[in-house]
Amino acid sequence: MRSFDNLIENGGQILTYTVNNVEYAVDITMVTDIIELPEITVVPLMPDYIKGVINLRGKVVPVIDLRERFSLERIDYDNKTCVIIINIQEISVGMIVDRVVDAENITTANIEESLRKNSYVSHLININGNMKLLVDYDKIIA
């Protein structure tokens, strides 16, 4: 069972981050690193949202800009911009996000299905009225 599916069925811990002032969530068991924005090597003929690759402890990791993947306005990176490295289908992928917010525990009572099944957002997480969007990261790399 994917850790993502396990989180939805059983609850667990999430890492929250922002993109365009919206809070998103990732199952914390998928996260391997949170790093400052490194130098990225551009790879020709890739989609615009794939910024290139980085060398992470000798391993080549593709990097996706989530703003561009979500078709949002591009902005200049700043000192809070960072890369969250996650494992998706046994592949390490970096995601450029505006800011990392927090780690939080959630239960199944906090999780609701998204209204749109074909979007990147699969579920909503409601913690005391504060909504966070849970992304299906398999769809991000598809």
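Just above, that's the structure.
Every value quoted in this text rests on a predicted model; they were computed, and no experiment measured them.

Attention now moves to the sheet that holds strand S8 (residues 99-106). With mixed pairing, the six strands of this open sheet are ordered in space as S8-S1-S2-S11-S10-S9. Strand pairing shows two members of the sheet lacking a second neighbour, S8 and strand S9 (111-113), which therefore form its edges. With direction set aside, neighbouring strand axes in the sheet form an average angle of 35°. Sheet analysis places strand S1 (residues 12-19) next to S8, joined by seven bridges and oriented antiparallel. Looking at the pairing, Gln13 lines up with Asn105 of S8.

Our focus in this paragraph is the packing of aromatic side chains. Evaluated as defined, the whole model comprises three aromatic pairs. By the ring-pair criterion, three or more aromatic residues cluster together here, those being Tyr17, Tyr24, Phe70 and Tyr120. We note Arg69 situated over the ring of Tyr49; from NZ or CZ to the ring centre the distance is 4.1 Å.

Across the seven residues that make up strand S6 (residues 82-88), a large majority, six, are buried. Of the strand pairs in this sheet, strand S3 (residues 31-36) and S6 are connected by five bridges, and their pairing is antiparallel. By the bridge assignment for S6, Glu36 is matched with Cys82. As judged from the seven bridges shared by S6 and strand S7 (residues 91-97), these two strands associate in the antiparallel manner. The residue of S7 that forms the bridge with Ile88 is Ile91. Remark: two residues form the turn of the hairpin made by S6 and S7, two consecutive strands paired antiparallel; Gln89 in that turn has positive phi of roughly 50°.

What counts, and where the lines are drawn
Every chain begins its residue count from 1, and numbering advances along the sequence as written. In keeping with the model being predicted, local features are shown solely for residues with a pLDDT of at least 70 and side-chain atom pairs are shown and tallied solely at 80 or more, while totals for entire chains, interfaces and linings include all residues. No hydrogens and no water enter the side-chain calculation; it runs on all heavy atoms of the structure. DSSP bridges decide pairing: two strands pair if at least two such bridges lie between them. Helix numbers and strand numbers start at the N terminus; a helix is a DSSP run of H or I with at least 4 residues, a strand a run of E with at least 2. As a rule, the C-alpha atoms of each element are fitted with a line to give its axis, helices using only the stretch in contact, and angles between N-to-C directions run from 0 to 180 degrees. Centres within 6.5 Å make a pair out of two Phe, Tyr or Trp rings, where for Trp the six-membered ring is used; the pair is then stacked when the planes are under 30 degrees apart, edge-to-face when over 60, and tilted otherwise. For a ring to carry a charge above it, either NZ of a lysine or CZ of an arginine must fall within 6 Å of the ring centroid while also lying within 35 degrees of the normal to the ring plane. Burial status follows relative accessibility: with a 1.4 Å probe on protein chains alone, a residue under 20% of its type maximum counts as buried, one over 50% as exposed, and anything between as partly exposed.

Don't take any of this as a statement about function, it's just geometry.
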